[in-house]
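Residues per chain are reported as follows:
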Amino acid sequence: MEAPPELRQPPPPSQLNLDNLKSLKVLGKGAMGTVFLVHDQVSDPTASNPFALKVVEKSSIHNKLDADRRARWEIEVLTRLSNPNTHPFLPYLLGSLETSDFLAWAVPFCSGGDLNVLRYRQNDRVFSPAVIRFYVAEVVCALEHLHNMGLVYRDLKPENILIQQSGHVTLTDFDLSQSLTRPTIKSLLFSCEDPQGGLDHLNKKNKHRRNFTRWILLLPEDGNKKKRGLRKAKSARVSPVNRRKLSFSNGERSNSFVGTEEYVSPEVVRGDGHEFAVDWWALGILTYEMLYGTTPFKGKNRKETFRNVLMKPPEFLGKPNALTDLIGRLLEKDPTRRLGYQRGACEIKEHEFFNGVRWDLLTEVSRPPCIPSREEGEMTAAGGVDIRDYFEKMRAPPSMPPSPLPSPSSEWRRNVSLTEF
């Protein structure tokens with residue numbers, strides 16, 4: 001049986017050698033870099049322990065200075081997350097490398113894909129309240145740890161929540177995060193009255209691991225269960241899975257306009273400056289999307305989306321219940337009235353929706369809602385490609401004119417910055 005995540009100790013980050021690395025496949029491609037599933041041909045010739053490698057090609061970046069700064073900042077954040085102890089729902093740095101052409105860093109591979117892909121595999125493309133409770137609880141703990149480190153995440157969305165082989169979540173992509181001064185005027189911001197609420201309890205080496213159904217005292221769901229997204233699921237199981245110039249200097253709040261359009265908070269749109277409460281707003285958007293399969297303020301264009309963010313209240317189906325109340329309080333447009341503003345994650349953990357949750361047993365759940373199949377995590381060294389060769393082929397001129405059909409990626413959410421807006 002795989003060791004529970006809180007018991008795994010990461011190896012110290014190593015200096016990687018690009019010549020020894022071979023790509024098994026491309027996991028994703030973004031504006032800043034390409035993520036490969038790779039293995040070290042010297043230390044792991046059979047690819048039994050592949051890892052994710054994010055590679056930034058220096059020569060292909062339009063704004064080289066900005067991308068270089070973002071990449072180095074992400075490496076710094078991952079280094080901080082790796083020492084002295086890792087958090088079970090956050091990644092850690094396995095190693096990094098830099099050549100004249102590339103900057104790259106490695107993190108553990110999450111074989112379950114991301115939460116957006118997992119949601120699309122569900123009936124009606126939504127999760128049951130019980131499953132939402134599990135995943136949101138783990139995200140709350142991850143954000144709490146980041147905030148306690150003085151880091152505001154600023155890029156929470158389903159695509160950045162990965163599913164580990166164990167079925168637990170991990171956040172990814174920290175290039176938009178920022179280091180902020182922890183507010184001292186709110187003395188209870190990171191102080192929980194609940195003795196089960198802290199990271200120390202997450203890292204307790206409990207002797208017994210719990211099934212998903214034993215992790216929480218199951219409570220009857222109120223509300224109209226016939227409405228889509230509000231009905232009680234037949235089972236708590238879910239089917240497995242087959243982004244501007246930034247300032248990273250310390251400060252009490254940030255004025256950077258960053259984030260993903262549908263997840264941007266009102267204070268960011270207004271340009272009022274923002275702090276940790278932007279992550280709790282994004283958590284509200286995330287929870288709404290998990291429940292209904294869409295975000296609450298999406299408009300026909302960016303202007304309408306931002307107008308909705310500023311003016312429109314979120315719409316809910318059926319009778320009010322604990323879950324819709326949680327979302328509504330997270331989507332409070334005034335950040336000073338938003339759930340989580342005064343005492344951080346503690347306020348959220350105390351909400352009625354999480355009644356019965358054993359926060360100290362989150363990492364002990366041995367059967368989370370989704371366990372990636374072993375086949376998804378297993379890879380073979382056959383058919384791999386050299387990373388340098390991949391970028392050489394990408395730079396080669398196309399042999400045919402581009403297709404007039406729109407790319408599926410054009411439907412993805414766009415990150416925005418002040419210069420774009």
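Residues numbered from 1 in each chain as written. Predicted model: local features only at pLDDT ≥ 70, side-chain atom pairs only at ≥ 80, totals over all residues. Heavy atoms only, no water.

This next bit is on the overall build of the chain. For the chain, the helix and strand inventory stands at 11 helices and 13 strands. When burial is assessed residue by residue, the chain has 53% of its 421 residues classed as buried. Accessible surface computed for the chain: about 19900 Å², of which carbon and sulfur atoms make up 51%. (Helix = DSSP H or I, 4+ residues; strand = E, 2+ residues; numbered from the N terminus. Buried < 20%, exposed > 50% of the residue type's maximum accessible area, 1.4 Å probe, protein only. Areas by Shrake-Rupley, 256 points an atom, 1.4 Å probe, with all protein chains shown as cover.)

This paragraph deals with helix 6 (residues 277–292). With 16 residues, helix 6 should cover 22 Å at 1.5 Å per step; its first-to-last C-alpha distance of 23 Å lies within 8% of that length. Directly beyond the C-terminal end of helix 6, a positive phi value near 80° is found at G293. (Expected span 1.5 Å × (residues − 1).)

Moving on to the nonpolar core. The biggest cluster of nonpolar side chains holds 77 residues, and the ones touching the most others in it are Y135, L156, L171 and L283. Residue contributions to this core peak at 12 residues, all from helix 3 (residues 129–148). The residues that make up this core include at least three from each of domain 1 (15–109) and domain 2 (110–180 + 253–377). Ignoring anything within four residues of it in the chain, the contact list for L283 reads V136, V139, V140, L156, L330 and I348. With 17 residues, the next largest nonpolar core counts L16, F36, V38 and V55 among its residues. (Core = buried A, V, L, I, M, F, W, Y, C linked by side-chain atoms within 4.5 Å. Domains from an automatic or database assignment. Contact = heavy atoms within 4.5 Å.)

Further remarks concern the pairing of strand 3 (residues 34–40). Of all seven residues in strand 3, six are buried, a share of seventy percent or more. Pairing geometry for strand 2 (residues 21–29) and strand 3, over seven bridges, is antiparallel. Across the sheet, the residue bridging to K25 is L37, located in strand 3. One ladder, built from five bridges, connects strand 3 with strand 4 (residues 51–57); its direction is antiparallel. Pairing of V38 across the sheet is with F51, part of strand 4. (Pairing = 2+ DSSP bridges.)

Here the focus is the UniProt feature "binding site: ATP" (unreviewed entry) in the chain. Here the UniProt feature "binding site: ATP" (unreviewed entry) sits at K54. Counting through the fold element by element, K54 comes out in strand 4. Take K54: its relative accessible area is 11%, and that puts it in the buried class. In this structure K54 touches M32, T34, V35, E74, L103, A104, W105, D173 and D175, once residues within four positions along its chain are discounted. A distance of 3.3 Å separates polar atoms of two side chains, one belonging to K54 and the other to E74. (UniProt positions renumbered as here; feature names shortened; annotations may be inferred. Polar contact = N/O pair within 3.5 Å; in protein donor to acceptor, adjacent residues only side chain to side chain.)

In this section: the pattern of salt bridges. Side chains bearing opposite charge may pair, as long as their charged atoms lie close to each other. Counted according to the given criterion, the structure contains 14 salt bridges. Across the pair E144 and K349 runs a salt bridge whose closest N-O atoms are separated by 2.8 Å. We note that E144, like K349, is buried. Across the salt bridge formed by R343 and E350, the nearest N and O atoms sit 2.7 Å from each other. Exposure remark for R343: the relative accessible area of 17% places this residue in the buried category. Salt bridges sharing partners connect three or more residues here, namely K58, D68, R72 and E98. (Salt bridge = Lys/Arg side-chain N within 4 Å of Asp/Glu carboxyl O.)

Attention now moves to the environment of D114. Within the secondary structure, D114 sits in the loop between strand 6 (102–108) and helix 2 (115–120). As for D114 and Q164, which are separated by 50 residues in sequence, their C-alpha atoms are 9.2 Å apart. Excluding residues that lie within four positions of it along the chain, D114 makes contacts with P158, E159, I161 and L162. A polar side-chain atom of D114 sits 2.8 Å from the main-chain amide nitrogen of N116.

Turning our eyes to something else, we now look at the confidence of the model for the chain. Low pLDDT means the predicted coordinates in that region are not meant to be read closely. In this model, the chain carries an average pLDDT of 79, and 69% of its residues clear a pLDDT of 70 or more. Segment residues 194–201 is flagged for pLDDT under 50; beyond a separation of four residues in sequence, or across chains, it makes 14 contacts in the model. Here residues 402–412 is modelled with pLDDT under 50, and outside its nearest four sequence neighbours on either side it reaches zero contacts, counting other chains as well. (pLDDT = per-residue confidence, 0-100.)

Within the open sheet, the seven strands sit side by side as 1-5-6-4-3-2-13. Their pairing is mixed. Since the sheet does not close on itself, it has two edges, and those belong to strand 1 (14–15) and strand 13 (385–386), each with one partner. Here helix 11 (residues 387–395) sits on the sheet and contacts strand 2, strand 3, strand 4, strand 6 and strand 13; the angle it forms with strand 3, its principal contact strand, is near 150°. (Axes fitted to C-alpha atoms, helices over the stretch in contact; angles between N-to-C directions.)

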